[in-house]
Amino acid sequence: MHIVNVTHLKKIFGSGAAQVAAVNDVSFTVDQGEIVLIMGPSGSGKTTLLTLLGGLLTATAGTIQINSIDLTQVKKQALPGIRLQEIGFVFQSFNVLQNLTALENVQIVGELSGMKPVAARQRATHLLTKLHLEQRLHYLPSKLSGGQQQRVAIARALMNEPKLILADEPTGNLDSRSGHEVMMLFHNLAKQDGRTVIIVSHDERIKDIADRVLWIEDGQIHTAPPEPEVTVVDPVCGMKVDAKYAPFSTTVAGIVYKFCSEDCQQRFTQLDKNK
Amino acid sequence: MFGRISLARKNLLHEPARLLISVSGVTFAIFLMLVLLALYRGWSETLSKYVYSVDADIWVMQQGSIDMSHSISLLPNALGDQIRSTSGVKTVYPIIGNRVILTLDGEDVTTRIIGFDTVSNIGGPADMIEGSAVPAAGEIIIDEIVHKDHHLNIGDPMTIQDKTFTIVGIASGGPLFQQSYMTQADARALFHLEDITNFFVVTIEPGNTIDTVMSRIEDNVSGVDAQTTKEFATHNEKEIMDKFLPIILVLVFIGFLVGVVIISLTIYTATVEKAREYGVLKAVGAPNRYLYRVVLTQSGMAGAGGFAIGVILTYVGSDVIKQIEPLFVTLVKWQDIVAVAGMTVVMIILAAYIPLRRLMKIDPAIVFKA
């Protein structure tokens, strides 16, 4: 069963000459209980894609279905309710509320969704206990380690039992041991509880728990990053560029030259004319 | 509707310095507004206190005269008998009331000298602080402000226009026109008004209405106007207070603005500092109305705290200041407290407006920025 179904998704920022397609005609599906890792270089569109999946950004074109709800069709006012019930968020910098205790940070999300305070408190206590934080229920975030804060954030994400967990660099601010603990938590959430987990990260270790890795570059999804042997050298600046995806190319005397930028291409053409 | 975790309360209590500044600012604003209104009330009451204290239904004065401060009323003594003979009139007493400028400790002091009938005691001091309320010939009752400002006490001599009187009593007076009291004979001699009276105060026979008797007096006695005690008291207040009221209202408005600005600034900075956390709440699905409620509650708590302390401070502070400065006559009325409470609610809502606008602009996608 597809929990996430993305078709021809496009997000364009700016207009005219300054127009940039941060996500460009992306389509993919993610099944229940699946862990998908989205990787790619900085500025490739990973976070934009995650923001779109979380209903925090409006798509330029295409559709995003989360648990059969098309986020691109619902009214803007309805999105907070969908996020509250259908999606759990986990962030790199934890983003727990600093003036609330661990318990209150989790409880408040239940209360927001209409749970009675007593019931929300019980469930929050249960979740934090499950994440081995039963001794830290009444601690403020400033008294918790990074790993503990991330577990509070995960408990918060699970409070309303969402089918989908979106995690942005969840191990980015953690030491090695805490990072592994968090990875195991995600693994259990998917494999034991049947939740779908989409993680955006640079952390290669997460590949070990991921069912699939999607590589995103220049706003487009690939099943794997370009192989090293298909890179060529820009004849002007000397940088390595992807032979297949290089944005600029010129053919001279039957030889195809690839360039990293339009500027290098123009300088090459000028040099060729001056010969 | 939502849970009982009060994020607003927790945020405020975790920033005690900010809370203190906010509440102190509102307290100051509330104190300023209430004290100004209380001063207005206090002065108004003091201005009419003497008129209300006189046991009379009707005040009769020279036609065209309206109050004791801004118009002169000179009536022949003989008119007293004409008034007394009017149907429905029970008693008639003359009152002499004129302002004089004294020189005390080299300083000019304005006081109103009241000459009253010491036998009936109609027109005597409204409130005595100490000493005799009924002066004999050559004696005077002075005002508490003159007593405090010029250190004049019972038994001391006091010279008015070359005539020396002995102080026998100290009366509670007014902030604008201090009053001194003496026998009518002494007052007439002082002002050379042997055949003239300033006002006649009248009581009516049972079975008559005040309006009817007033009409009869005005019909029967030429050259006079008659006013009920309430009308005369109101005119005495109005002449003065109409000039003060616009100033008081401007100052109250300034106090209101101070309150709005202080709450608004503190809540705005708190909102900006917590922008990321508000972004997190938006991202996880908190509806806007919940976030608005957090900001409004913060504003409300600062406003309510400041209001409560401001009211207490008004009562305590007014008494303390009155001990130091007798002119600081205040009267805190519940109607003014209710009005200021209403203004505090408006203050809270207005103060929350700018932080709410800031809150609306917070992009929940901020949460993905490391």
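Residues numbered from 1 in each chain as written. Chains lettered and ligands numbered in written order. Predicted model: local features only at pLDDT ≥ 70, side-chain atom pairs only at ≥ 80, totals over all residues. Heavy atoms only, no water.

A. Layout of the overall build of chain A. Each helix and strand counted, chain A has seven helices and 14 strands in total. Expressed along its principal axes, the backbone C-alpha trace of chain A runs to roughly 80 × 40 × 35 Å. Counting all 275 residues of chain A, 49% fall into the buried class. Considering only contacts within chain A whose residues lie at least 6 apart along the sequence, 65% involve residues at least 24 apart. Between the averaged position of the 27 positive side-chain charges in chain A and that of its 27 negative side-chain charges there is a distance of 6 Å. (Helix = DSSP H or I, 4+ residues; strand = E, 2+ residues; numbered from the N terminus. Buried < 20%, exposed > 50% of the residue type's maximum accessible area, 1.4 Å probe, protein only. Contact = heavy atoms within 4.5 Å. Lys, Arg positive; Asp, Glu negative; His and termini not counted. Charge placed at Lys NZ, Arg CZ, Asp CG, Glu CD.)

B. Representation of the overall build of chain B within the structure. Across its full length, chain B holds 10 helices and 12 strands. For a compact globule of 370 residues, the expected C-alpha radius of gyration is about 21 Å, and chain B comes in at 29 Å, more than 25% above that figure. Summarising its shape, the C-alpha atoms of chain B cover approximately 95 × 50 × 30 Å along the three principal directions. Of all 370 residues assigned to chain B, the portion counted as buried reaches 52%. Within the structure as shown, chain B displays about 16400 Å² of accessible surface, and the carbon and sulfur contribution to it stands at 60%. Taken together, the 28 basic and 36 acidic charged side chains of chain B have centroids lying 23 Å from each other. (Rg over C-alpha atoms; globule rule 2.2 N^0.38 Å. Areas by Shrake-Rupley, 256 points an atom, 1.4 Å probe, with all protein chains shown as cover.)

C. A look at helix H7 (residues 262–274) of chain A. All names here are of chain A. Look at H7: 18 Å from first C-alpha to last across 13 residues, which is about the 18 Å you get at 1.5 Å a residue. Taken as a whole, H7 has its buried residues at Cys 264, Gln 265 and Phe 268. Taken end-on, H7 shows its buried residues confined to a sector of 100°, consistent with a single buried face. Across from the buried face of H7, at angles greater than 90 degrees, the exposed residues are Lys 273 and Asn 274. Elements in contact with the buried residues of H7: strand E13 (248–252) and strand E14 (255–259). (Expected span 1.5 Å × (residues − 1). Arc of directions from axis to C-beta.)

D. The arrangement of the interface of chain A and chain B in detail. The interface is formed by 26 residues belonging to chain A together with 27 residues belonging to chain B. Interface area, chain A with chain B, both sides summed: about 2500 Å², of which 66% is carbon and sulfur. On the chain A side of the contact with chain B, A:Leu97, A:Asn99 and A:Leu112 bury the most area, a combined 26% of that side's loss. Where chain A meets chain B, there are one salt bridge. Residues B:Lys10 and A:Glu104 are paired through a salt bridge, measuring 2.6 Å at the closest nitrogen-oxygen approach. Taken together, the connections running from chain A to chain B amount to eight residue pairs in polar contact (both at pLDDT 80 or more). Considering each element in turn, the side of chain A that touches chain B owes the most residues, five residues, to helix H3 (residues 102–112) of chain A. Residues that form the side of chain A that touches chain B fall into these classes: 13 nonpolar, eight polar and five charged. (Buried area = accessible area lost by both parts, 1.4 Å probe. Salt bridge = Lys/Arg side-chain N within 4 Å of Asp/Glu carboxyl O. Polar contact = N/O pair within 3.5 Å; in protein donor to acceptor, adjacent residues only side chain to side chain. Nonpolar A, V, L, I, M, F, W, Y, C, P; charged D, E, K, R; others polar.)

E. Just the packing of H3(A) against helix H5 (residues 146–158) of chain A, in detail. Residues and elements named next belong to chain A. Relative to each other, H3 and H5 sit at 20°, their axes nearing to 8 Å. By the angle between their axes, H3 is roughly parallel relative to H5. Read as a crossing pair, H3 and H5 show a hand that is right-handed. Side by side, H3 and H5 meet where Ala 102, Asn 105, Val 106 and Val 109 of the first sit next to Val 152, Ala 155 and Arg 156 of the second. Of the residues contributing to the contact of H3 with H5, the split by class is five nonpolar, one polar and one charged. (Axes fitted to C-alpha atoms, helices over the stretch in contact; angles between N-to-C directions. Parallel < 35°, antiparallel > 145°, perpendicular 65-115°, else oblique. Left-handed = near helix turned anticlockwise from the far one by under 90°.)

F. Geometry of the nonpolar core. All names here are of chain A. In terms of nonpolar packing, the biggest core is built from 88 residues, with Leu 128, Ile 154, Phe 186 and Ile 199 touching the most fellow members. Among residues more than four places away in sequence, those in contact with Ile 154 are Val 90, Leu 131, Val 182, Leu 185, Phe 186 and Leu 189. In terms of nonpolar packing, the next biggest core, distinct from the first, is built from 35 residues, Val 6, Leu 9, Ile 64 and Ile 87 among them. (Core = buried A, V, L, I, M, F, W, Y, C linked by side-chain atoms within 4.5 Å.)

G. Local environment of the side chain of B:Asp143. With respect to the element layout, B:Asp143 can be found in strand E6 (residues 139–143). A distance of 2.8 Å separates a polar atom in the side chain of B:Asp143 from the backbone nitrogen of B:Ile145.

H. Focus on the pairing of strand E7 (residues 157–160) of chain B. Residue and element names in this part refer to chain B. Only one face of E7 is buried, namely the one carrying Met 158 and Ile 160, since none of Pro 157 and Thr 159 on the opposite face is buried. As judged from the four bridges shared by E7 and strand E8 (residues 163–171), these two strands associate in the antiparallel manner. Within the sheet, the bridge partner assigned to Thr 159 lies in E8 and is Thr 164. The antiparallel pairing of E7 with E8 creates a hairpin that spans two residues between the two strands, and Gln 161 there sits at a positive phi of about 45°. (Pairing = 2+ DSSP bridges.)

I. Here's a closer look at the sheet that holds strand E6 (residues 87–90) of chain A. Residues and elements named next belong to chain A. Here we have six strands laid out as an open sheet, ordered E6-E7-E8-E3-E9-E10, and mixed in their pairing. A single partner strand is all that each edge strand has here, and the edge strands are E6 and strand E10 (220–222). Averaged over all neighbouring strand pairs, the angle between strand axes comes to 20°, with direction disregarded. Along the sheet, helix H1 (residues 46–53) makes contact with strand E3 (35–39), E6, strand E7 (164–168), strand E8 (196–200), strand E9 (212–217) and E10, crossing E7 at roughly 150°. Strands E6 and E7 of the sheet are contacted by helix H2 (residues 79–86), whose axis makes an angle of about 80° with E6.

J. Looking closely at the domain arrangement of chain A. Entries for chain A in the domain assignment read domain 1 (2–222) and domain 2 (230–274). Its C-alpha centre places domain 1 of chain A at a distance of 40 Å from the equivalent point of domain 2 of chain A. (Domains from an automatic or database assignment.)

K. Representation of the packing of helix H9 (residues 288–324) of chain B against helix H10 (residues 334–361) of chain B within the structure. All names here are of chain B. Interhelical geometry of H9 versus H10 gives an angle of 150° and a closest axis separation of 8 Å. On the basis of their axis angle, the class for H9 and H10 is roughly antiparallel. Seen along the crossing, H9 lies across H10 with a hand that is right-handed. Between H9 and H10, the contacting residues are Leu 291, Tyr 292, Val 295, Leu 296, Ser 299, Gly 300, Gly 303, Ala 304, Phe 307, Val 311 and Tyr 315 on the first element and Ile 337, Val 340, Ala 341, Thr 344, Ile 348, Ile 349, Ala 351, Ala 352, Pro 355, Leu 356, Leu 359 and Met 360 on the second.

L. Geometry of the domain arrangement of chain B. Split into domains, chain B comes out as domain 1 (7–47 + 241–368) and domain 2 (64–222). Inter-centroid distance (C-alpha atoms) of domain 1 of chain B to domain 2 of chain B is 47 Å.

M. Just the environment of A:Ser145, in detail. Within the secondary structure, A:Ser145 is located in the loop between helix H4 (117–130) and H5. For the pair formed by A:Ser145 and A:Ser178, sequence separation is 33 residues and the distance between their alpha carbons is 9.4 Å.

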